[in-house]
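A look at the structure
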There are 2 protein chains.
Amino acid sequence: MSRWQPGARERLQQAAHELFAEQGFAATTVPEITARAGLTTRTFFRYFSDKREVLYADDAEVPAMIAMMMASAPPDTEPMALIVEGLQTVAETRFEPRKEALRARRELVCTDAGLQERDLHKRAVMSEAIREGFRTRGVDSVRAALIAEICVTLIAVALNEWLERDDDRRLYEIILETLATLRSSLG
Amino acid sequence: MSRWQPGARERLQQAAHELFAEQGFAATTVPEITARAGLTTRTFFRYFSDKREVLYADDAEVPAMIAMMMASAPPDTEPMALIVEGLQTVAETRFEPRKEALRARRELVCTDAGLQERDLHKRAVMSEAIREGFRTRGVDSVRAALIAEICVTLIAVALNEWLERDDDRRLYEIILETLATLRSSLG
């Protein structure tokens, strides 16, 4: 009988990220990950359904986080103001401190069609959570769907731009610029 | 040795659509599709990699179609004007005549996570083709990515609204309304 391993989840994530970076995603096996972490494959599958999910483990909380952020905004906040405020919080707390890790992750995703597919799924789940949040706030369904899509588009495009640049522009600044570009494009 | 079967592809598509509608996507097997079409599974796999791809067979031409439409627009056409014109053409020629088939397809996709995933992929491919088209027209990369995403969002949201409504509003009208809602949402 295996017992609960202190920090097992984090050790497995760390080992997986190291191996993905060293030898690529496709070439890395679950036994290699568990060997590096000093744990068993049985322990691995207690935390993750497959090696792909190691990269998305921290996203499970995202829909609940979105629902909470949206429910806590004052009822009269305009939808786009709510989005911009939410993006500022997310950019500063979740993205800004992890720029190098996010860059490594993006490179990894580029190499694997299965990861790209999983990224699209993650994006759809986020959009759906935002749409639901607006519906709960009384926004009509078409507008809720549009603003949710605008939000995930802004994140995707601005994040990409931020990770590609070599200067020290902050992500939130780039998000605001991207929104300005979007507004001017729509005429 | 099997020979080329006249109309085989269309017969297989027809049989698959009938069976999906009658008994659901998950319950339908490739041998059932080929039996209904009076063809062999070998013939099936000459046209489609699996039963899912039957539903997406006509989309293979979409990126080339987008590239052609975008290349043929006058060079000074504004990006959003180009999108609106393109959406009008697509709405009138590809969507409007197939409303019931599109409704049946949408119901089918709702029942199956694999189909939803494939729909997301299709959408990403479209967005990428539009982005590329704008890059070729000299639009900068951020703006090209944003307008491409706006375009696929407009189609997705307006198509959904069109298929849900019981009146005889035209899809193109709903697209224009959705664009107006988008503009007003962005403030």
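Computed from a predicted model, the values in this text were never measured in an experiment.

Residue and element names in this part refer to chain B. Taken together, the buried positions of helix H5 (residues 62-72) are Val62, Ile66 and Met70. Projected down its long axis, H5 carries its buried residues within an arc of 65°, all on one side. Opposite its buried face, H5 presents the exposed residues Ala64, Met68, Ala71 and Ser72, each directed more than 90 degrees away. Structurally, H5 contributes buried residues whose contacts are with helix H6 (79-95) and helix H8 (113-136).

Here we come to the environment of B:Met80. Within the secondary structure, B:Met80 is located in helix H6. Put simply, B:Met80 and B:Pro31 are 49 residues apart on the chain and 46 Å apart in space, counted from C-alpha to C-alpha. Setting aside residues up to four positions removed in sequence, B:Met80 forms contacts with A:Ser185, A:Leu186, B:Ile147, B:Ile150 and B:Leu179.

Below, the discussion takes up the packing of aromatic side chains. Geometrically, a pair of aromatic rings is defined through the distance of the ring centres and the angle of the planes. Residue and element names in this part refer to chain B. Applying the stated rule across the entire model yields 8 aromatic pairs over all chains. Ring centres 5.4 Å apart and planes at 50° place the aromatic pair Phe44 and Phe48 in the tilted group. Each member of the pair, Phe44 as well as Phe48, is classed as buried. Positioned above the aromatic ring of Phe25, the side-chain terminus of Lys51 is 4.5 Å from the ring centre. Positioned above the aromatic ring of Tyr56, the side-chain terminus of Arg118 is 4.3 Å from the ring centre.

Here the focus is the nonpolar core. Formed by 82 residues in total, the largest nonpolar core has its most connected members in A:Ile130, A:Phe134, B:Ile130 and B:Phe134. Not counting the four nearest positions on each side in its chain, A:Ile130 is found in contact with A:Ile66, A:Met70, A:Ile83, A:Ala148, A:Cys151 and A:Val152.

Our next topic: the relation of the copies chain B and chain A. To go from the first copy of the chain to the second, apply a rotation about an axis and then a shift along the same axis. Taken as rigid bodies, chain B and chain A are interconverted by a rotation of 180° and an axial shift of 0.0 Å, the fit giving an RMSD of 0.0 Å. With respect to symmetry, the two chain copies, as superposed, fit the operation of a two-fold axis. Closest to the rotation axis within chain B is the C-alpha of B:Leu120, separated from it by 3.3 Å.

Now for the interface of chain B and chain A. Facing 25 residues of chain B, the contacting portion of chain A comprises 25 residues. Interface area for chain B against chain A, summed over the two sides, is near 2,400 Å², with a carbon-plus-sulfur share of 70%. Applying the counting criterion to the chain B and chain A interface returns 2 salt bridges. Among the ionic pairs, B:Arg123 bridges to A:Glu149, the shortest N-O distance being 2.7 Å. Every element with two or more residues in the side of chain B that touches chain A is listed here: H8, helix H9 (141-164) and helix H10 (171-186) of chain B. Per element, the largest residue contribution to the side of chain B that touches chain A is 10 residues, and it comes from H9(B). Grouping the constituent residues of the side of chain B that touches chain A by class yields 12 nonpolar, 7 polar and 6 charged.

Where charged atoms of side chains with opposite charge meet at close range, the side chains can pair. Residues and elements named next belong to chain B. Tallied over the entire structure, the rule returns 40 salt bridges over all chains. Arg36 is the partner of Glu18 in a salt bridge, and the nearest nitrogen-oxygen pair spans 2.8 Å. Of this pair, Glu18 sits in helix H1 (residues 8-23) while Arg36 sits in helix H2 (residues 30-37), placing them 18 residues apart in sequence. Taking relative accessible area as the criterion, Arg36 reaches 38% and is therefore assigned partly exposed. Between Arg103 and Glu100 there is a salt bridge; the shortest N-O distance is 2.9 Å.

What follows is about the confidence of the model for chain A. Here chain A averages 93 in pLDDT, while 97% of its residues score no lower than 70. Interface predicted TM-score (ipTM) for the complex: 0.85; the corresponding pTM is 0.89.

Definitions and cut-offs
- Residues numbered from 1 in each chain as written.
- Chains lettered and ligands numbered in written order.
- Predicted model: local features only at pLDDT ≥ 70, side-chain atom pairs only at ≥ 80, totals over all residues.
- Heavy atoms only, no water.
- Buried < 20%, exposed > 50% of the residue type's maximum accessible area, 1.4 Å probe, protein only.
- Helix = DSSP H or I, 4+ residues; strand = E, 2+ residues; numbered from the N terminus.
- Arc of directions from axis to C-beta.
- Contact = heavy atoms within 4.5 Å.
- Phe/Tyr/Trp six-rings, centres within 6.5 Å; stacked < 30°, edge-to-face > 60°.
- Lys NZ or Arg CZ within 6 Å of the ring centre and 35° of its normal.
- Core = buried A, V, L, I, M, F, W, Y, C linked by side-chain atoms within 4.5 Å.
- Least-squares fit on C-alpha atoms with pLDDT ≥ 70 in both.
- Buried area = accessible area lost by both parts, 1.4 Å probe.
- Salt bridge = Lys/Arg side-chain N within 4 Å of Asp/Glu carboxyl O.
- Nonpolar A, V, L, I, M, F, W, Y, C, P; charged D, E, K, R; others polar.
- pLDDT = per-residue confidence, 0-100.

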